[in-house]
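What the coordinates show
Here is how the chains run, residue by residue.
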Protein chains: 4
Amino acid sequence: MRTREGNKEKDILNAAVEIFAKFGYHNSKIYQIAQEASVATGSVYVYYKNKEDLLHKIFEMLWSRLYIELKKVSEITELTSLEKLDAMVDLYLDVFAENPALALVFVNEQIQASRNQTRFTKYYEKFLDLAEKSLTEGQLRGEIIANLDMMIYRQFIFGALRNLIHRWAESPEEFSLGRIRRNFKLFIKNGIVQK
Amino acid sequence: MRTREGNKEKDILNAAVEIFAKFGYHNSKIYQIAQEASVATGSVYVYYKNKEDLLHKIFEMLWSRLYIELKKVSEITELTSLEKLDAMVDLYLDVFAENPALALVFVNEQIQASRNQTRFTKYYEKFLDLAEKSLTEGQLRGEIIANLDMMIYRQFIFGALRNLIHRWAESPEEFSLGRIRRNFKLFIKNGIVQK
Amino acid sequence: MRTREGNKEKDILNAAVEIFAKFGYHNSKIYQIAQEASVATGSVYVYYKNKEDLLHKIFEMLWSRLYIELKKVSEITELTSLEKLDAMVDLYLDVFAENPALALVFVNEQIQASRNQTRFTKYYEKFLDLAEKSLTEGQLRGEIIANLDMMIYRQFIFGALRNLIHRWAESPEEFSLGRIRRNFKLFIKNGIVQK
Amino acid sequence: MRTREGNKEKDILNAAVEIFAKFGYHNSKIYQIAQEASVATGSVYVYYKNKEDLLHKIFEMLWSRLYIELKKVSEITELTSLEKLDAMVDLYLDVFAENPALALVFVNEQIQASRNQTRFTKYYEKFLDLAEKSLTEGQLRGEIIANLDMMIYRQFIFGALRNLIHRWAESPEEFSLGRIRRNFKLFIKNGIVQK
DNA sequence: AATGAATGAGTTTTCATTCAT
DNA sequence: TATGAATGAAAACTCATTCAT
């Protein structure tokens, strides 16, 4: 619970992030969110249509941020495709860095958020498409192996990154973001085989 | 004693897997599971304490199978550590290969299954520990790079694998297991950089 | 649970007395009674129509015993009416003396037993009627005060006796039957005023 | 805030008294109570934790009233101990006089109310202790026989009174409170023996 | 007669959502 | 807007009773 200047709509969404992160979407009660936001239960419904809407708004906010950032990165022409890949990992981690609760909701409730709602699948695909584009450029330039199964690869790195963020959000002291950042970039590029 | 034509206990568990996979744990109703298993609602409670127990039994069955298989693989002395890593990926995929619904439950409900239940976290850690052991051997033999952050790496591959299984379970025709199998092994070992 | 020679019907009824005494009628489960009687759940229904029937049979057995004993006492012509009153108290206590569990069921479940069943009210009235007859004789003989409101008085002593039996059944070491017997007889006859 | 025309909390408790009196605690359904109180089923749970809580609140209210009244009586120094005893009988009857349903619940559900709850046993004991104190004073002043087994006696009169209240509540026209009041006081003090 | 697995009607309780103020 | 009391639909779970063997 926080003292606030008066942006109830934002307060409620932040509260929802905290509560969803703590108990999971289905175990969270609207009155808990209201309490966390220091508003009355009914006020939640002034700003949000229903419980599901809260979750959707969280994902919407998140995906649009991710997409905007990614767009920026993908448009920096000075970067090699491998540098772009690194930059994408960074932006991804940066979005969550300030807010572990948000990371937990993102990781744990993605399935629930997608149910009855194809919007996020699209966002998600758009995001991966953009990432893929950079990689394809890298192949043309000979920086990346030519016979890369992109469809598998993008799910590969996305899953790996998601799981590491999950670990970090659960125990930030054990899995520091810096350590994740450094190693992740190595793994996806070079693998682990001793040459 | 009434007839017991089939194995109701098993039927109910299989039905639960189907229903959980389709709707998610929280959106699944006991009567749906009963119906799917062609038994009365009350019969579910003859064999299982409650809804959560159903989920736990599914995970128990799964993890014990995974662990047994992994143990076997890790004890084959003839394999190099990289071959072992491949074998582990295979066994993991093989467990789910016959049952996409099971894969979906495993991937989507892990968090719910762990709540109020530390048992599975242990299984999971035991599994990763065993995998890690093989990798450490590989480092000693010079097959794997020495400066590998194992703690990050094991979460890296586990997350990647989980996500790929998820994609496959959702659309097996798009993401065939063979394709996943082949590419995954390449990625984790060699990365994607053109040398 | 006991080992028995083979009178299942009786075993089940005794088991019901124990379980009803321990948990109360409504909190008792048929399977508990079956277990206590070392029979299968279904066997209870071989001998008794349903749960309520068990309770009715217990009360039936009890009231018929009480009534038979009372009849005997009331027919002993050598006794004064005050001696008869004492004898009645004794027979009442004697019926329960050997079986505290039975006493508890009798005291606690009387209301439930009477619901949907007027039979016991009749027994009960018959019992009190017979007791009343002895008292009326006593009035004629001048042993008992003439202006006694019998209708109130009989409920008075019945309630008092019931409560004392209850106390005894709950903690026999604190409220011994002998002590109850002795004092009860004094109270109903002489009161407590110092003359 | 929605209108609160009456006092719903009190309405529900009163409704519970009526329904419990009519059907018994275990045969009463929450929706019956809600209906009797003209509220929705869920509203019962706004004011009371669960069904058992309703019963507890009834007993709490009752015992505290009884105890307060008793305290008052016991502190009137002008009364002899026998007069105090009479006054106690009066207060006891007065509490129920206006509400037969309450009397029935008090008499019939005491055992259920005590289960999982020692609070009421304490109230009950405190009540009897206070009554006992008055009697002991009477013994010192020579108003009451010295060799009175108080432990038995207090259970004796309590049981008798309870049963008479029960009869009255069931059929007030047959057992008028006035008649009970008058006779009860005679019985406990003087017994029935013609001197 | 005896069994105990199977049944499903019946009830409590929860909680997202509404709405009068 | 903001409130929070009131709602009632929905679901998990219980357990007396049945019945095929």
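The residue numbers shown here count from 1 along each chain, following its written sequence. Lettering of chains starts at A and numbering of ligands starts at 1, both following the order in which they are written. Where local features are concerned, this predicted model is filtered to residues with pLDDT of at least 70; where side-chain atom pairs are given and counted, the filter is 80 or more; whole-chain, interface and lining totals use all residues. Excluding hydrogens and water, the side-chain figures rest on all heavy atoms present in the structure.

Side note on the overall build of chain A
Quick note on the threshold: Labels follow the DSSP assignment, with helices taken as runs of H or I lasting at least four residues and strands as runs of E lasting at least two, numbered in each case from the N terminus. Summary of the burial criterion: residues with accessible area below 20% of their type's maximum are buried, those above 50% are exposed, and those between are partly exposed, where the area comes from a 1.4 Å probe applied to protein chains only. Contacts are residue-level and defined by heavy atoms, with any inter-residue pair within 4.5 Å sufficient. The protein chains shown are the only cover counted for residues, whose accessible areas, like all others here, come from Shrake-Rupley with a 1.4 Å probe. Think of it this way: Lys and Arg go in the positive column, Asp and Glu in the negative one, and His and the chain ends go nowhere. We put the charge of a Lys on NZ, of an Arg on CZ, of an Asp on CG and of a Glu on CD.
In terms of helices and strands, chain A carries 10 helices and 0 strands. Taken from N to C terminus, the helices and strands of chain A fall in the order α-α-α-α-α-α-α-α-α-α. For chain A, the spread of C-alpha atoms along the principal axes amounts to about 60 × 35 × 30 Å. Residues classed as buried in chain A amount to 57% of the 195 residues present. Considering only residue pairs separated by 6 or more positions, chain A has 73% of its internal contacts joining residues 24 or more positions apart. Total accessible area on chain A is roughly 8700 Å²; 52% of this is exposed by carbon and sulfur atoms. Considering chain A, the positive charge centre built from 28 side chains and the negative charge centre built from 26 side chains are found 3 Å apart.

Focus on the interface of chain A and chain B
Inclusion rule: What gets called buried area is simply the loss in accessible area from a 1.4 Å probe that two parts show on being joined, summed for both. For this analysis, a salt bridge means a side-chain nitrogen from Lys or Arg found within 4 Å of a carboxyl oxygen belonging to Asp or Glu. Polar contact criterion, stated in full: a pair of N or O atoms within 3.5 Å, where within protein one must be able to donate a hydrogen and the other to accept it, and residues adjacent in sequence count only if both atoms are side-chain atoms.
On the chain B side, the residues contacting the 48 residues of chain A number 47 residues. Summed over both sides, the interface between chain A and chain B buries roughly 4300 Å², with carbon and sulfur atoms accounting for 62% of that surface. At the boundary of chain A and chain B, one finds 2 salt bridges. Among the salt bridges present, the one from arginine 179 of chain A reaches aspartate 149 of chain B, with a minimum N-O distance of 2.6 Å. Taken together, chain A and chain B are joined by 11 residue pairs in polar contact (both at pLDDT 80 or more). Here the element with the most residues in the side of chain A that touches chain B is helix H9 (residues 150–170) of chain A; it accounts for 13 residues.

Focus: unusual backbone geometry
Excluding glycine, a negative phi dihedral is what most residues carry, and trans is how most peptide bonds are arranged. Residue and element names in this part refer to chain C. Even without glycine at this site, serine 38 takes up a positive phi of about 55°. With respect to the element layout, serine 38 can be found in the loop between helix H2 (30–36) and helix H3 (41–47). The partly exposed category is assigned to serine 38, whose relative accessible area is 38%.

A look at the relation of the copies chain C and chain D
Put simply, the rule is: Residues reaching a pLDDT of at least 70 in both copies supply the C-alpha atoms on which the copies are superposed by least squares.
Superposing chain C onto chain D takes a rotation of 179° plus a shift of 0.0 Å along the axis, which leaves an RMSD of 0.2 Å. On this basis, the relationship between the two copies can be described by a two-fold rotation axis. Both copies contact each other with a shared surface, as 100% of the interface residues of chain C are interface residues in chain D too.

Structural notes on the interface of chain C and chain D
Here is the rule: All residues other than Ala, Val, Leu, Ile, Met, Phe, Trp, Tyr, Cys, Pro, Asp, Glu, Lys and Arg, Gly among them, are scored as polar; the first ten of these are nonpolar and the last four charged.
Counting residues at the interface gives 48 residues for chain C and 48 residues for chain D. Of the roughly 4200 Å² buried where chain C meets chain D, counting both sides, 62% is carbon and sulfur surface. For the pair chain C and chain D, the interface holds 2 salt bridges. Our enumeration of links across chain C and chain D arrives at 12 residue pairs in polar contact (both at pLDDT 80 or more). Breaking the side of chain C that touches chain D down by element, the ones donating at least two residues are helix H1 (8–23), helix H5 (81–97), helix H7 (110–114), helix H8 (119–140), helix H9 (150–170) and helix H10 (177–190) of chain C. In the side of chain C that touches chain D, the residues fall into 24 nonpolar, 14 polar and 10 charged.

Here's the deal with helix H1 (residues 8–23) of chain A
Residues and elements named next belong to chain A. This is how the line gets drawn: Expected helix span is given by 1.5 Å per residue-to-residue step, counting one fewer step than there are residues.
Taking 1.5 Å per residue, 16 residues should reach 22 Å; H1 reaches 22 Å between its end C-alpha atoms and fits that length. Among all positions in H1, only Asp11, Ile12, Leu13, Ala15, Ala16, Val17, Ile19, Phe20 and Ala21 are buried. Its buried side turned inward, H1 meets helix H2 (30–36), helix H3 (41–47), helix H4 (51–74) and helix H6 (100–108). Taken from the residues just after H1, glycine 24 is the one with a positive phi, measuring 85°.

Regarding the domain arrangement of chain A
Residues and elements named next belong to chain A. Counted only if it meets this: Where each domain begins and ends is defined by an automated method or by a domain database.
When its domains are assigned, chain A resolves into domain 1 (1–48) and domain 2 (52–190). Taken over C-alpha atoms, the centre of domain 1 sits 27 Å from the centre of domain 2. Taken residue by residue, the interface counts 14 residues in domain 1 and 14 residues in domain 2. Buried surface at the junction of domain 1 and domain 2, both sides included, amounts to about 1200 Å², of which 79% is carbon and sulfur. The interface formed by domain 1 and domain 2 contains 0 salt bridges. Along the contact surface separating domain 1 from domain 2 lie 2 residue pairs in polar contact (both at pLDDT 80 or more). If you list the elements that add at least two residues to the side of domain 1 that touches domain 2, you get H1 and H2. Considering each element in turn, the side of domain 1 that touches domain 2 owes the most residues, 7 residues, to H1.

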